[in-house]
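Structural features, examined
So you can see what is in the structure, the chains are spelled out below.
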Amino acid sequence: MNIIMFVVGIIFGSFYNVVGYRIPKGKSIVFPPSHCPNCGHKLKSYELIPILSYFIQKGKCRKCHEKISLFYPIFELLTGILFMLAYISFGLTSKLIIAITFISLLIIITVSDYNYMIIPDSVLIFFGTLLLIEIYIIYGPNKALTSIFDGILSFIFMFLLKKFGDFIFKKESMGGGDIKLLFIFGMVLTFPIAILSIFVGSLIGLPLSILIISKNSDHIIAFGPFLALGAIVLLLSKIDLNTIISFYNF
């Protein structure tokens, strides 16, 4: 089953790359079909095999020989690994559905935010609605209402954090997409854990942030991928408020 989840993950990861690249540009995710961005060559089915096609073609377009970004197979592999880890963590349960949906959102917004510094509202609305429906069906109306409340609290906290950051740095400290993303974090992870994800992601991503800032004269980095990183760690580790309380009472 682990292998099946991995294969499913890399297939979806290939599609999520397309979504993350096209949606911020206002392009359709269906038309035109997958093609080389340099010469427009329409990719054949054997050129669309996740991960393998990249290495078979030696990282180049088969027609114009333009280099293909390593970003594509890396995110296909990453999605496969995360789908597999979600299965290992939650098993074949209803919670796995929510975990896979949440991971899918995080992969797409990471691709989008990293490349364009944008977290599209359409992606947040789609996945936020889908997750709320899943929570309602799996846990019932009371849990769905609690999830919305946790989302609102997380949104407010992130909004206040942004305002504080704007005041300290005298400029825009984070984008609106990051704030809206926290609403979904609150829905899925609960309010306290959603807030913890901010600090976990920032801590893990600190060395990478320093490296990016040192090479970026504008000192601007996409915060979405770090938020996603923190959320994934907490999701897969299944840390909740009781776990934190037990840790401090130890």
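Now for a description of the structure that goes with this document. Since this is a predicted model, take the numbers as computed values, not measurements. (Residues numbered from 1 in each chain as written. Predicted model: local features only at pLDDT ≥ 70, side-chain atom pairs only at ≥ 80, totals over all residues. Heavy atoms only, no water.)

1. Looking at the nonpolar core
- Membership of the largest hydrophobic core comes to 53 residues, with the highest contact counts inside it found for F102, L105 and F185.
- With twelve residues, the single largest contributor to this core is helix α4 (residues 94-116).
- When residues no more than four places from it in sequence are discounted, the contact partners of L105 are V123, L124, F127, L181 and I184. (Core = buried A, V, L, I, M, F, W, Y, C linked by side-chain atoms within 4.5 Å. Buried < 20%, exposed > 50% of the residue type's maximum accessible area, 1.4 Å probe, protein only. Helix = DSSP H or I, 4+ residues; strand = E, 2+ residues; numbered from the N terminus. Contact = heavy atoms within 4.5 Å.)

2. Comments concerning the side chain of E134
- Here E134 lies in helix α5 (residues 121-139).
- Despite being buried, E134 has no salt bridge partner; K143 is the closest side chain of opposite charge, sitting 13 Å away. (Lys, Arg positive; Asp, Glu negative; His and termini not counted. Salt bridge = Lys/Arg side-chain N within 4 Å of Asp/Glu carboxyl O.)

3. Points about the packing of α5 against helix α7 (residues 176-189)
- The N-to-C vectors of α5 and α7 enclose an angle of 10 degrees; their axes lie 10 Å apart at closest approach. The angle between α5 and α7 places the two elements in the roughly parallel class. For the pair α5 and α7, contact is made by D121, L124, G128, L131, L132 and I135 and by G177, K180, L181, I184, M187 and V188, respectively.
- Of the residues belonging to the contact of α5 with α7, the class tally is eight nonpolar, two polar and two charged. (Axes fitted to C-alpha atoms, helices over the stretch in contact; angles between N-to-C directions. Parallel < 35°, antiparallel > 145°, perpendicular 65-115°, else oblique. Nonpolar A, V, L, I, M, F, W, Y, C, P; charged D, E, K, R; others polar.)

4. With respect to the packing of helix α3 (residues 71-90) against helix α9 (residues 224-237)
- Remark: α3 packs on α9, axes separated minimally by 9 Å, with the N-to-C direction vectors making an angle of 30 degrees. Contacts from L82, L85, A86, S89 and F90 in α3 reach I232, L235 and L236 in α9.
- The residue inventory of the contact of α3 with α9, partitioned by class, reads seven nonpolar, one polar and no charged.

5. A look at the state of the cysteines
- Counted according to the given criterion, the structure contains zero disulfides.
- Not part of a disulfide, C39 finds its nearest cysteine sulfur in C64, a span of 3.7 Å.
- Residue class for C39 comes out partly exposed when judged on its relative accessible area of 36%.
- Among the cysteines around C61, which has no disulfide bond, C64 carries the closest sulfur, lying 3.7 Å off. (Disulfide = S-S within 2.5 Å.)

6. Side note on unusual backbone geometry
- The step from F31 to P32 runs through a cis peptide bond, and the omega angle for that step is -10 degrees.
- A positive phi angle, close to 55 degrees, is found at K58, a residue other than glycine.
- Residue class for K58 comes out exposed when judged on its relative accessible area of 72%.
- For T190, which is not a glycine, the phi torsion comes out positive at approximately 80 degrees.

7. Topic: the packing of aromatic side chains
- Tallying each qualifying case throughout the model produces eleven aromatic pairs.
- With a centroid separation of 6.1 Å and an interplanar angle of 35 degrees, the aromatic rings of F12 and F83 are classed as tilted. Of this pair, F12 sits in helix α1 (residues 2-22) while F83 sits in helix α3, placing them 71 residues apart in sequence.
- Relative accessible area serves as the criterion here: at 2%, F83 is assigned to the buried category.
- Seen in terms of ring centroids, F15 and Y16 are 6.1 Å apart; in terms of plane orientation they differ by 50 degrees. Their pairing is tilted.
- F15 sits in the partly exposed class, given a relative accessible area of 38%.
- Counting every residue linked through ring pairs, the aromatic cluster contains Y21, F71, Y72, F75, Y114 and Y116.
- Looking at K238, its charged tip hangs above the ring of F90, at a distance of 5.7 Å from the centre. (Phe/Tyr/Trp six-rings, centres within 6.5 Å; stacked < 30°, edge-to-face > 60°. Lys NZ or Arg CZ within 6 Å of the ring centre and 35° of its normal.)

8. Details of the environment of Y16
- Turning to its location among the elements, Y16 is positioned in helix α1.
- Classification of Y16 by relative accessible area gives buried; the value is 6%.
- A C-alpha to C-alpha distance of 8.4 Å links Y16 and E76, two positions 60 residues apart in sequence.
- With residues near it in sequence (within four places) discarded, Y16 still touches T79, F83, S104, I107 and I108.

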